Amino acid sequence: MVIPELEQQLLQLSPNEKLYIIQLLAQSLTVHNTYPEQPSKLSEFFRQSPLAELNEEIDLSRDRSLPRNAFTP
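Residues numbered from 1 in each chain as written. Predicted model: local features only at pLDDT ≥ 70, side-chain atom pairs only at ≥ 80, totals over all residues. Heavy atoms only, no water.

## Description of the overall build of the protein
Quick note on the threshold: Only runs of H or I of at least four residues qualify as helices and only runs of E of at least two qualify as strands under DSSP, and these elements are numbered from the N terminus. Accessible area is worked out with a 1.4 Å probe on protein chains only. A residue is then buried under 20% of its type maximum, exposed over 50%, and partly exposed in between. Here the Shrake-Rupley method, with its probe set to 1.4 Å, supplies the accessible areas, and only the displayed protein chains count as covering residues.
For the protein, the helix and strand inventory stands at three helices and zero strands. Secondary structure of the protein in N-to-C order comes out as α-α-α. In the protein, which comprises 73 residues, the proportion classed as buried is 3%. Carbon and sulfur atoms form 58% of the exposed surface of the protein, whose accessible area is close to 7,300 Å².

And the structure:
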């Protein structure tokens, strides 16, 4: 299928169908290509995220000023 034909077909879809296609494409870009292996730790996930590129502007280190048992159920 040629891109102009695909474009015409996409433009004829309903808003809900377009939203589904957008979500599917976005998911395929982020899940399958950017992160081929899922990180085992949450901290590793954040290190691999696009925000990690902003590490000079954002401090992502843990705040150790509070004791770890500060929260009680």
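Next, the rest of the story.
## Here we look at the confidence of the model for the protein
For the record, the criterion: As a per-residue quantity, pLDDT reports the predictor's confidence and falls between 0 and 100.
The pLDDT averaged across the protein works out to 75; a share of 67% of its residues lies at or above 70. Averaged pLDDT values for the elements of the protein fall to 76 in helix H3 (residues 42–48) and rise to 90 in helix H1 (residues 3–11).

## A closer look at a nonpolar patch on the surface
Under the convention used in this document: By definition, no residue in a patch forms a salt bridge, and every one has over 30% relative accessible area; like charges are joined within 9 Å, nonpolar side chains (Val, Leu, Ile, Met, Phe, Trp, Tyr) within 5 Å. Within this document, salt bridges are pairs made up of a side-chain nitrogen of Lys or Arg and a carboxyl oxygen of Asp or Glu, the two lying within 4 Å of each other.
Together, Ile3, Leu6 and Leu10 make up a nonpolar patch on the protein surface, roughly 250 Å² of accessible area in all. With respect to the secondary-structure elements, Leu6 resides in helix H1.

## Here's the deal with the environment of Leu13
Quick reminder of the rule: Throughout, a contact is declared for two residues whenever any of their heavy atoms are within 4.5 Å.
Following the sequence through the fold, Leu13 ends up in the loop between H1 and helix H2 (15–34). With residues up to four places along the chain from it excluded, the contact list for Leu13 reads Lys18 and Ile21.

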